[in-house]
Amino acid sequence: NDNFAVTPGGLDSASYTGSLSADWTLGEKTLSSLTGYNELQHDRYRDDDYSAPEYHWASQLQKQDEWSQELRLSSGTDQKLQWMAGLYLYSLDRSETVTSYYIGDFSYLGGLHTVTDMDVDEVAAFGSLGFNLLENVQATLDARYAKEEKKVKAVDTALNQGARSEFDNSHSWNMFLPKITIDW
């Protein structure tokens, strides 16, 4: 029946996630490793005008890979002075292609094709130092220094004219996060 809208199209999505955690005892110290990985692929095609006749279609293709690694070395918990030091690494690579276009009698309107790539990288060093001030009062000094860099590039192309616009930018941040905690 032509009086009802149908939204044909399709979706193909796959995700792979994994993590690994390991601890090694080194005398009175513990070395810990935390590793994470995530991969995502998402492809979607759809009749984008949501009306019974087909006028407009869109496709969206995404691919994302990210991983993280943390290493920590810590003192024993039964020591008078407790400490921990660590390193953290993170990486994200993401790409997305979106094509939106008219079909049939409206194909002269063209459409838009957009390709976006984004990369995020972070490295951090952190530490903690805890000690007893009194029998039931403990102070902890924590600090984390991180540097993050983000790069984004996007290119838009008009399908009926070939006109292009481009955005290409990157920025980095340095962060120092201190913290003092007193428990009683």
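Residues numbered from 1 in each chain as written. Predicted model: local features only at pLDDT ≥ 70, side-chain atom pairs only at ≥ 80, totals over all residues. Heavy atoms only, no water.

Q: Just to check I follow, could you spell out the pairing of strand β7 (residues 164-183) for this structure?
A: On a regular strand, each side chain points to the face opposite its neighbour's, so the side chains alternate between the two faces of the sheet. With 20 bridges connecting them, strand β6 (residues 137-158) and β7 associate as antiparallel partners. Each residue of the ladder has a partner; that of A143, found in β7, is P178. Hairpin connection of β6 to β7: five residues between the antiparallel strands, including G162 at a positive phi of 80 degrees. (Pairing = 2+ DSSP bridges. Helix = DSSP H or I, 4+ residues; strand = E, 2+ residues; numbered from the N terminus.)

Q: How do you make sense of the pairing of β6 when you look at a structure like this?
A: As paired strands, strand β5 (residues 111-134) and β6 are joined by 22 bridges and run antiparallel to one another. Bridge pairing links A125 to Y145 in β6. If you look at the hairpin formed by β5 and β6, you'll find two residues sitting between the two strands.

Q: So what exactly am I meant to see when it comes to the sheet that holds strand β2 (residues 29-47) here?
A: Two strands in a sheet stick together by hydrogen bonds in their backbones, pointing the same way (parallel) or opposite ways (antiparallel). The strand order β1-β2-β3-β4-β5-β6-β7 describes an open sheet built from seven strands, whose pairing is antiparallel. Lying at the two open borders of the sheet, with one neighbouring strand each, are β1 (9-26) and β7. On average, each strand axis in the sheet is tilted by 5 degrees relative to the strand beside it, whichever way the strands run. (Axes fitted to C-alpha atoms, helices over the stretch in contact; angles between N-to-C directions.)

Q: I keep staring at a nonpolar patch on the surface and nothing clicks. Help me out?
A: The grouping of L81, L129, L133, L134, L141, I180, I182 and W184 at the surface amounts to a nonpolar patch, some 880 Å² of accessible area in total. For the nonpolar patch, the elements supplying multiple residues, two or more each, are β5 and β7. Looking at L129, the relative accessible area reads 33%, which means it is partly exposed. (Patch = residues over 30% accessible without salt bridge, like charges linked within 9 Å, V, L, I, M, F, W, Y side chains within 5 Å. Areas by Shrake-Rupley, 256 points an atom, 1.4 Å probe, with all protein chains shown as cover. Salt bridge = Lys/Arg side-chain N within 4 Å of Asp/Glu carboxyl O. Buried < 20%, exposed > 50% of the residue type's maximum accessible area, 1.4 Å probe, protein only.)

Q: Please explain the environment of G36 as it appears in this structure.
A: For G36, the location among the structural elements is in strand β2. Residue classification places G36 among the buried residues on the basis of a relative accessible area of 17%. G36 sits 54 residues away from Y90 along the chain, and the two C-alpha atoms are 9.3 Å apart. If sequence neighbours within four positions are ignored, G36 has contacts with G18, S19, E66, W67 and S68. (Contact = heavy atoms within 4.5 Å.)

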